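# Reading the structure
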Amino acid sequence: MGPSGGGKSTLLRVVAGLETPDSGTVEIDGQDLTGIPARQRGIGFCFQHYAPFRHLTVRRNVAFGLEVRRRPKAEIREKVDELLELVRIAHLADRHPSELSGGQRQRMALARALAIEPKVLLLDEPFGALDAQVRQQLRVWLRELHEKISVTTVLVTHDQEEAMEVADRLAIINEGRLEQIGAPAEIYDKPDNEFVMKFLGPATELDGAWVRPHDLVIHNEKGIGGQGAWVERITHLGFEVRVDLKLDDGSSTWVQLSRGAAAELDSVPGDQVWVSRATPSKRQGALTQVVS
Amino acid sequence: MRRSLRGALRPAAKATGPTLIVTYLSLLVLLPIAAILSKSFENGLGSFWTAVTQPEARAALKLTLICSLLVAAFNSVAGLVIAWVLVRDDFPGKRVVSAVIDLPFALPTIVAGLTLLSLYGPNSPFGINVADARIGIVFALAFVTLPFSVRSVQPVLAELDRETEDAAASLGASSSVVLRRVILPSVAPAMLAGAGLAFARAIGEFGSVVLISGNLPFKTEVASSWIYSLSQSDQLSAAAAVSTVLILIALIVLGAIGIVRRRFNVGEAV
Amino acid sequence: MKSRWRLPLRIVALGYLALLVVIPVGSVFYRAFQHGFIAAWDAVTTPDAVHALWLTLLVVLIAVPLNTVFGVGVSLILARHRFRGAWLLDAFVDLPLAISPVVVGLALVLVYGKTGWFGNWLAAHGIEIIFSFPGIVMASATVALPYVVREVLPVLQEIGTDQEQAATTLGASSFTAFRRITLPSIRRSLAYGVTLTTARVLGEFGAVVVVSGAIAGRTQTLTLFIQDSIDNLNPVGAYAGAVILAIIALVVLTVLGADREGRKAKWRSRSDQSPSDSEMPLPSTTSVLMSPMDH
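First things first, this report covers the structure right here in the doc. (Residues numbered from 1 in each chain as written. Chains lettered and ligands numbered in written order. Predicted model: local features only at pLDDT ≥ 70, side-chain atom pairs only at ≥ 80, totals over all residues.)

We now examine the overall build of chain A. Counting secondary structure elements, chain A contains 10 helices and 14 strands. For chain A, the C-alpha radius of gyration of 25 Å lies well beyond 19 Å, the compact-globule estimate for 292 residues. Here the C-alpha coordinates of chain A stretch approximately 80 × 45 × 30 Å along the principal axes. Looking at chain A as a whole, 36% of its 292 residues are labelled buried. Long-range contacts, defined as pairs at least 24 residues apart, comprise 59% of the intrachain contacts of chain A with a sequence gap of at least 6. (Helix = DSSP H or I, 4+ residues; strand = E, 2+ residues; numbered from the N terminus. Rg over C-alpha atoms; globule rule 2.2 N^0.38 Å. Buried ≥ 20, exposed ≤ 12 C-beta atoms within 10 Å, placed from the backbone. Contact = placed C-beta atoms within 7 Å.)

Put into structure tokens, the structure is as follows:
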């Protein structure tokens, strides 16, 4: 995952063999594939705009890889039927891609890529061309599919929510550099640098350090500690509440509170408060508060 | 076995493709054009100039340019009218009309010349005889350039936003004002492009003109005819010189059209 | 449209078309069969006429496939690769459209003629190009050079390389990808380009006149035969030959018209959910710069 133009698609295509790297190697399953052309790498690739074979039916699309490998017709038919069932477009088998919706086309593309039983499945912004609702549905569906099929899958996206939701392991790429790799929650809580911090979620500054707005706590009394500040503005964003603060030293910051916590605080713009980082236990407290 | 042979051939195939293509292009276009340019100046700049300004050459070029200009201009207007009728009017047989417009496009020019000769030549059933006359040339050129004039304007007319015209009308503009101030400015670039194409086409026209014009030197001889007779009498250098002039004019006009297109964002329909 | 002007405009437009196109072409048919069908048939079955027909056919059978392969090749190169001289390649391929056919013929003579650049070498190897069949083929191929490229290239550019890359990842070799994916997708525009090329080659006159010497029974194509017939006061032969070419032109027109309709329909059906498609390619039925037939 990473910002547009950062090189993630390029990296994926290098893995696929669709681009040649200037240096470095590509290894899949312990095998060095660096000089090997794409067609011999045993990978499956899905494009953002699906790359459907327009002149072929859905069935022929999915069967393509098997036909190229000269598999017997019966075997192809069986396998294709199976895959079409799996991705739930069996009823569209004899249509052409132009008659399918975007989401259906991408599912066809997935079935097509899976038909050749790839060692690795590479997905290049697969849901980027779809609207938000379809994107979300397909996200869930993809995870389910992944559980069923268990093929190592590399997915490229610039959508942070998608990445966090779908990934087992997440790699952040920016300007051709790999910034961090790890489980999503891990990277979110312990970002290696400022870029990752700011990219993965909301971030604000306090005491010269970057911190998550929902990791800050506001107190009405000075006693518990923290920095002095004035409440500038309180915005209700549905479930969350955003409190903009002006610190005594002149800098600004903001805190994200749950509705409950904001109600408890009971502040109005102009109030004097104190803000500090939440201690781990305090954060837990906040979490349980949300859940209950 | 087969697979490995193909595999071995592939690197060679990758190189031979483009090489063959460039060779083909060179043999047919690059070398011949270079030969024309080279032959034009074979005996120096002076003889080039002489060949081009020779009385018969001058007459032929002048006739060609004037006739082509007239035809391009006239067919622009005719093309606009015809395109208008195609786009805005509705009547049975519109498809046939569309085919008729493309007919000069699809017809060999010698046949085009024949058709005009048969109708407006010595045996004309109408008694109109324009053979051996300059007007015959104009007829022939109008025939072959008609599709360019119509098809360059047609898509622009089709895409005109009627709302603009309605807005103008609601503001009190009469239809002639709407025509002058709303419609014409929109189609003008396309008309210009079409006229340019027609012109470039017309200056090189040979087949349709050769029959009806009679090719009388100084009277009805167009530039292409003059080049032809020069080549037949083995004055190849002079023929090449006049050819170079024609090529240059065509390239300039086409280049100008390209600029007009980009400047006014006119698509390529012709 | 303002009802007041509708009828007058219609009359003017249709009248112009009738006078300039319909009646003249109709008269060719009239004159051909003026003295009966038999007379016309006889005129086109003389030895010279038959030879002209065969020669023309042969030229088409060689020049068109050559140009087709060339056209597809150039289109693939220009669509797939970005390199410095790309615009130059494109311009040179289009060049024959800007040049008078007589000049094309002259140019070929200057290279392959007896006093031309290759004149001595060709003579030494006993190869005759000018005033002979190969020259006619070359002249015809040159004037018709751009048509396949003009039709196929935009389609290739619009399709992009995604489909071929997908085919590659699925295990197809570049040849297989070309055969199974690229070729089917350019099928229509290729057919159209080939039709235009054929029509152009059939109708070429100016270039062939210069290059062939127009020797009756030897190097006369059908178009040359027509001109010769007029010169030799054999109008029926000329008109009969013209009818043959006119009929072919009408077939071409049908293809043109069908293609036009096809493009319009495709445009209409494109406004569906396909997210990657943004613009309709403007109808390039007349995307060829100059007439498909000779001039």
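Every contact between the two is made by 77 residues of chain B and, on the other side, 75 residues of chain C. No other element matches the 14 residues that helix α1 (residues 2-40) of chain B contributes to the side of chain B that touches chain C. Here the side of chain B that touches chain C is built from residues that sort into 55 nonpolar, 13 polar and 9 charged. (Nonpolar A, V, L, I, M, F, W, Y, C, P; charged D, E, K, R; others polar.)

In this section: the pairing of strand β13 (residues 252-258) of chain A. All names here are of chain A. Burial of β13 is one-sided: the residues T253, V255 and L257 facing one way are buried, the residues S252, W254, Q256 and S258 facing the other way are not. Here strand β12 (residues 240-247) pairs with β13 via 7 bridges, running antiparallel. When the sheet's bridge partners are listed, L245 is paired in β13 with T253. (Pairing = 2+ DSSP bridges.)

On to the pairing of strand β4 (residues 120-124) of chain A, then. A large share of β4 of chain A lies buried, amounting to 4 of its 5 residues. Note on the crossover from β4 of chain A through helix α5 (residues 132-149) of chain A to strand β5 (residues 152-156) of chain A: the handedness is right-handed. (Right-handed = clockwise from strand over helix to strand, strands pointing away.)

Opposite the 20 residues of chain C that make contact, chain A presents 23 residues. Every element with two or more residues in the side of chain C that touches chain A is listed here: α9 (162-169) and α10 (174-185) of chain C. No other element matches α9 of chain C, which puts 7 residues into the side of chain C that touches chain A.

All names here are of chain A. One non-glycine residue with positive phi stands out, namely E117, at about 50°. One can find E117 in the loop between α4 (102-115) and β4. Positive phi is not limited to glycine here, since D266 has a value of about 55°. With respect to the helices and strands, D266 occurs in the loop between α9 (259-265) and β14 (272-277).

The topology assignment puts R54 of chain A in the loop between β3 (43-46) and α2 (58-68). The residues touching R54 of chain A, leaving out its near neighbours within four places in the chain, are H96, P97 and S98 of chain A together with S185 of chain C.

In this section: the sheet that holds β14 of chain A. Residue and element names in this part refer to chain A. Across the sheet, 5 strands lie side by side as β10-β14-β11-β12-β13; this open sheet has antiparallel pairing. Both outer strands of the open sheet, β10 (216-219) and β13, are each paired with one neighbouring strand and no more. Ignoring which end each strand starts from, the neighbouring axes of this sheet average 45° apart. Summarising the sheet, strand β11 (residues 227-237) and β12 pair through 8 bridges and their orientation is antiparallel. Considered in β12, the bridge of R233 is made with D244. (Axes fitted to C-alpha atoms, helices over the stretch in contact; angles between N-to-C directions.)

Residues and elements named next belong to chain A. As summarised here, the arrangement of the 3 strands in space is β3-β4-β5, forming an open sheet in which the pairing is parallel. What marks the edges here is a single partner per strand, and that holds for β3 and β5. With direction set aside, neighbouring strand axes in the sheet form an average angle of 15°. Across 5 bridges, β4 lies against β5 in parallel orientation. Within the sheet, the bridge partner assigned to L121 lies in β5 and is T153. Against the sheet, α4 engages β3 and β4, with an angle of about 170° to β3.

Everything listed is a geometric property; what it means functionally is a separate question.
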